[in-house]
Amino acid sequence: MTNIDNTPIENTTSANNILPQFVDQLRHLYGIIVQNTYVKDTAKHLNRIIQDANNQTMILIVGKERVGKTTLVNGLLGREILSVDDQHPTSVNTFIRYGEQEEIKAYFLDGVVAVFDLSKLELLTTGDTFASQILREHLDYLEVYLKNDLLKSVTIIDSVSLEAGGGEMAYFSEALMNRVDEIFWVLRAGSMAMDAELLLIETLKNKGVEPLCVINGIDDEEHPTAFMESEQQRIGHLMSDFIGISAINALVAKRTDNHELWQKSQYDQLITHIHRVAENSDKKTYAILIRFLQWLERFRFELTVIPQRDPFQSAVENIEKYAGDTQYEYSRYQRDLAIVKEYEQEYEQVANTFKQVQTLYQLLQTIAQHDYLHDSKVEEFTEIAVHYQQMLREYRNMHSEYLREYERLDAQHKKIHGKGLMKAFFGQHTQNEFFKERVQKLNEQQEVCIAQYAMVQQAEVSMLQAIRDTQPVLIDLVKERMSRIEQKVQKLNQQRAKDKRQLKRYAEKLNEFSCLIEAQGYIKEHLQPFLMNEQMPLKSKDITMLEETVQAILAIDLSNNGLLARSQMNNKMESIAIPFDVQEKYPLQMLALREEDVKSNDIPEIPKKLVVQYED
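Just so it is clear, the structure is predicted and the values come from calculations on it, not from any experiment. (Residues numbered from 1 in each chain as written. Predicted model: local features only at pLDDT ≥ 70, side-chain atom pairs only at ≥ 80, totals over all residues. Heavy atoms only, no water.)

## Some points on a positive patch on the surface
Here's step 1: A surface patch of positive charge is lined by Lys40, Lys44, Arg48 and Arg298.
Here's step 2: For the positive patch, the element with the most residues is helix α2 (residues 40–54), which contributes 3 residues.
Here's step 3: With respect to the element layout, Lys40 can be found in helix α2. (Patch = residues over 30% accessible without salt bridge, like charges linked within 9 Å, V, L, I, M, F, W, Y side chains within 5 Å. Areas by Shrake-Rupley, 256 points an atom, 1.4 Å probe, with all protein chains shown as cover. Salt bridge = Lys/Arg side-chain N within 4 Å of Asp/Glu carboxyl O. Lys, Arg positive; Asp, Glu negative; His and termini not counted. Charge placed at Lys NZ, Arg CZ, Asp CG, Glu CD. Helix = DSSP H or I, 4+ residues; strand = E, 2+ residues; numbered from the N terminus.)

As structure tokens, this is what we get:
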């Protein structure tokens, strides 16, 4: 996607270890500077870098209307999941992620998150009913969770179409483009990129971003190769590469298991490129490192102007007043108090894990939502419970199909004989053989229902035994999680006691800008040595930039030549243990589902066998 792709990285090493360690360092730095409102926007930019580093590899599908973006995504998924409607293009950005439970999460503009069944996707994306239009007006974006191997390594974003903006430039969310690792710019074979698109692509190029040009519909174009070569000559300098595909062929090939047609679709090239992007951890690490170096320069500029302006100047003037109180330790205590408050909130949530669980469905949803409830025994129970639900659904479907067929035949019989199938003895009629044949088929369906009902009963027995065995396991897992939270608080208090010896050198934390002094020290003592490691994937020019920026940051005096350090604040500093009395406050909500809570109480009765007699 970016020109980083085309530049060899010196001393490249795997990002599997570097990136998580680097993110831990950035989190600590963010926790320091976020306390200062003067650099609020700068802190937000750092937090955005942290979030992007943690995100799964994301691929954004971009293009104008009716170029086949959604069909392209369906081809990658191997099935027609997303709704395609030429009259009503996709109107909400849709993040397609991996999930064992296939479902939709709809994020609304007011912050509400709702879960929908996969069958509601058309309603949320392209449906033209009044209800769907009202829904979409309040939607921010969708997350569609699918059980698809490709999604284990990437998240695919099916985006809304480009919009025309001022100056004949196409508009698209810059915030979304900055979050992704790769952009697929989709064109329709035979339809060149518009001038408005080119202006936006040129803007991306100036930022070092080069999309992959995906030309869809090569099966429709008479001379697709000639068209691709023409576009390569015209806009090749703006793109990282060109790939021609047929999304329609890919879908048909998957549906019909046609290997030859799949090859013609050229989707293997596209999927290979996706895997290459997902596996290129070094590229992502390097991109995050460069973004941080750019952030450091922004941070340096922020620090440079602070001593020259209020409120820093007025704070220095009043430093002697602050030197006689416990403001510094209070500030530090409040920071740790906030951390413990988060642990308390987490403890409360864990203690109430099963508070609202009253049915089998709610239990399965709860297990899916909490990682700490997963182990081999629980996974085994989940499979058994899901199998029970599946057997039940299949029986209901069979029963409904039988009833529909019976009602149709019964209506025909009434029309001819004047009474329904269940009225015992009927007179002669030329259609009697037809009715005998259909009754026989209904009885065959009835036998299938009997067999399926037996499978439901068997699955129910297994499920009831499994839930009896699994409930104590789930309770133990919750207790274990609660215990780990208490251990975190204990370690925090132990660390506070250890930090008491270091409080003297942090005396300058008296005023609002003391956290920035701490940030200077953290950059020098932790981040710079970490980034200067010889195995880091940085070029020599990057290291030079890092050294110069860090030196400039350290040269900025935010302590007014040590005024804070010379104060008497250090005599007031004490290490106070933060209480964590949660066991009585948040007692464990037990899980005690009974047989009647988890069994289905509305299983339709098995249809009776039909015995219809006619006169000879």
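Now that the structure has been shown, we can carry on.
## As for the sheet that holds strand β10 (residues 212–216)
Here's step 1: Taking strand neighbours across the sheet as the criterion, the 9 strands line up as β4-β3-β5-β2-β6-β1-β9-β10-β11 in an open arrangement whose pairing is mixed. This sheet does not close on itself; its edge strands, each paired only once, are β4 (113–116) and β11 (241–245). Strand-to-strand, the axes of this sheet are offset by a mean angle of 25°, without reference to chain direction.
Here's step 2: Across the face of the sheet, helix α8 (residues 224–235) comes into contact with β9 (182–188), β10 and β11 while running at roughly 155° to β11. (Pairing = 2+ DSSP bridges. Axes fitted to C-alpha atoms, helices over the stretch in contact; angles between N-to-C directions. Contact = heavy atoms within 4.5 Å.)

## Things to note about the pattern of salt bridges
Once the charged atoms of two side chains with opposite charge are near each other, the side chains can pair.
Here's step 1: A full pass over the atoms with the stated rule returns 27 salt bridges.
Here's step 2: The partner of Arg335 in a salt bridge is Glu518, and the shortest N-O contact between them spans 3.8 Å. Here Arg335 is found in helix α15 (residues 327–351), whereas its partner Glu518 is found in helix α19 (residues 514–531), with 183 residues between them in sequence.
Here's step 3: Close ionic contact of Glu480 with Arg484 constitutes a salt bridge, the shortest N to O distance being 3.0 Å. In this pair, Glu480 and Arg484 are both assigned in helix α18 (residues 432–499), 4 residues apart and thus about one turn of the helix distant.
Here's step 4: According to the relative accessible area criterion, Glu480 is partly exposed, its value standing at 42%.
Here's step 5: Arg484 gets classed as partly exposed once you look at its relative accessible area, which sits at 33%.
Here's step 6: Counted as one network, the salt bridges with shared partners bring together Arg335, Asp336 and Glu518. (Buried < 20%, exposed > 50% of the residue type's maximum accessible area, 1.4 Å probe, protein only.)

## Overview of the nonpolar core
Here's step 1: Within the largest apolar cluster, 54 residues are counted, with the highest numbers of intra-cluster contacts made by Phe354, Leu360, Leu363 and Phe381.
Here's step 2: Contributions of two or more residues to this core are made by α15, α16 (360–369), α17 (376–417) and α18.
Here's step 3: Sorting elements by how many residues they give to this core places α18 first, with 18 residues.
Here's step 4: Beyond its immediate stretch of four places on either side in the chain, Leu360 contacts Phe381, Ala385, Tyr388, Gln389, Met463, Ile467, Asp597 and Val598. (Core = buried A, V, L, I, M, F, W, Y, C linked by side-chain atoms within 4.5 Å.)

## Examining the packing of aromatic side chains
Here's step 1: Within the structure shown, the criterion is met by 11 aromatic pairs.
Here's step 2: A ring pair is formed by Tyr107 and Tyr141, whose centres lie 4.6 Å apart and whose planes are at 10°; its orientation type is stacked. On the criterion of sequence distance, the pair formed by Tyr107 in strand β3 (residues 103–108) and Tyr141 in strand β5 (residues 139–146) is long-range, its members being 34 residues apart.
Here's step 3: Here Tyr107 falls in the buried class, since its relative accessible area comes to 18%.
Here's step 4: Overall, the relative accessible area of 24% leaves Tyr141 in the partly exposed class.
Here's step 5: For the pair Phe434 and Phe435, a centre-to-centre distance of 5.4 Å together with 70° between the ring planes defines the contact as edge-to-face.
Here's step 6: Here Phe435 falls in the buried class, since its relative accessible area comes to 1%.
Here's step 7: Site record: aromatic cluster; members linked through ring pairs are Phe22, Phe292, Trp295, Phe299 and Phe530. (Phe/Tyr/Trp six-rings, centres within 6.5 Å; stacked < 30°, edge-to-face > 60°.)

## Things to note about the packing of helix α12 (residues 281–305) against α19
Here's step 1: One can describe the packing of α12 onto α19 by two numbers: an axis separation of 13 Å at closest approach and a directional angle of 150°. Considered as vectors, α12 and α19 are oriented roughly antiparallel to each other. The hand of the α12/α19 crossing is left-handed. Contact residues: Leu289, Phe292, Leu296, Phe299 and Leu303 in α12; Leu516, Ala519, Gln520, Ile523, Leu527 and Leu531 in α19.
Here's step 2: Its residues assigned to classes, the contact of α12 with α19 comprises 10 nonpolar, 1 polar and no charged. (Parallel < 35°, antiparallel > 145°, perpendicular 65-115°, else oblique. Left-handed = near helix turned anticlockwise from the far one by under 90°. Nonpolar A, V, L, I, M, F, W, Y, C, P; charged D, E, K, R; others polar.)

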